[in-house]
Amino acid sequence: VLSGVLLAAVVAAFLALAGACALSTPVGEAPAEGEHAEYVDFVWRTGRLPDRRRDGIVQDHHPPLYPVLCALVAADLASIRPPPSISLPGPYRVDVRLDGSFPGKARPWPRVTFYALRGLSMLGGAAMLLALRAGARAAFGGRRGPALAAMGLGAFLPGDASSSSSAEAQAV
């Protein structure tokens, strides 16, 4: 019972820390958030995965799970339809303006979309903590203490909470 309470406390503390980071970081100013959002936007608009050489999406080397899930979330939150064709920029750093729009794009993203994508990243980070715990438990012969310690260490590394609080594929 105690290990279950500690497990829930670690996950809740991680989500609180990541949530604080997500709310205090201005939209588009988290590392690589603009590029990841461009990847999600591309999947949302076209319904396909990008090709870097053809489409100019610089984060296309990441596995597609996160952008596809985020595209579904973005599509659900979208209130306007994208234009039928958009000229995509080359592989540059993509700056996201505070209103959520991308330079060269015709469709601004509502702020709520960024926060929803950040929330999805936070859930991915929490899932990774549980996977870390399961892996550590297997490595230590089913012992709960070392597994919980490994999970706690992963939860409170500043980079993990920070990367799990932005709209990027790191956690997933």
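None of these values were measured; they are calculated from a predicted model.

Take the packing of helix 1 (residues 2-24) against helix 6 (residues 144-155) next. Contact geometry of helix 1 with helix 6 gives a least axis separation of 10 Å together with a crossing angle of 10°. One way to sum up the angle between helix 1 and helix 6 is to call them roughly parallel. From helix 1, Ser3, Leu6, Leu7, Val10, Val11 and Phe14 reach across to helix 6, where they touch Arg144, Leu148, Met151, Gly152 and Ala155. Here the residues of the contact of helix 1 with helix 6 sort into 8 nonpolar, 2 polar and 1 charged.

Our next topic: the confidence of the model for the protein. Considering every residue of the protein, the mean pLDDT works out to 75; 77% of them sit at 70 or more. Under a pLDDT of 50 for its full length, residues 79-107 has, in the predicted model, 59 contacts with residues more than four places off or in other chains.

What the rule picks out here adds up to 3 salt bridges. Two residues, aspartate 55 and arginine 48, come together in a salt bridge whose shortest N-O distance is 3.0 Å. A relative accessible area of 6% means that aspartate 55 is categorised as buried. Judged by relative accessible area, which is 32%, arginine 48 ranks as partly exposed. In this structure, aspartate 51 and arginine 53 form a salt bridge, with 4.0 Å as the shortest nitrogen-oxygen distance. Within this structure, Arg48, Arg54 and Asp55 form a network of salt bridges that share partners.

Among the secondary structure elements, arginine 48 is positioned in the loop between helix 2 (33-46) and helix 3 (52-55). Spatially, the C-alpha atoms of arginine 48 and valine 68 are 8.9 Å apart, while their sequence positions differ by 20 residues. Among all residues touching arginine 48, those that are not within four sequence positions of it are Phe42, Val43, Arg54 and Asp55. In this structure the side chain of arginine 48 is engaged in a polar contact, spanning 3.0 Å, whose partner is the side chain of aspartate 55.

Reading guide: rules and limits
- Residues numbered from 1 in each chain as written.
- Predicted model: local features only at pLDDT ≥ 70, side-chain atom pairs only at ≥ 80, totals over all residues.
- Heavy atoms only, no water.
- Axes fitted to C-alpha atoms, helices over the stretch in contact; angles between N-to-C directions.
- Helix = DSSP H or I, 4+ residues; strand = E, 2+ residues; numbered from the N terminus.
- Parallel < 35°, antiparallel > 145°, perpendicular 65-115°, else oblique.
- Contact = heavy atoms within 4.5 Å.
- Nonpolar A, V, L, I, M, F, W, Y, C, P; charged D, E, K, R; others polar.
- pLDDT = per-residue confidence, 0-100.
- Salt bridge = Lys/Arg side-chain N within 4 Å of Asp/Glu carboxyl O.
- Buried < 20%, exposed > 50% of the residue type's maximum accessible area, 1.4 Å probe, protein only.
- Polar contact = N/O pair within 3.5 Å; in protein donor to acceptor, adjacent residues only side chain to side chain.

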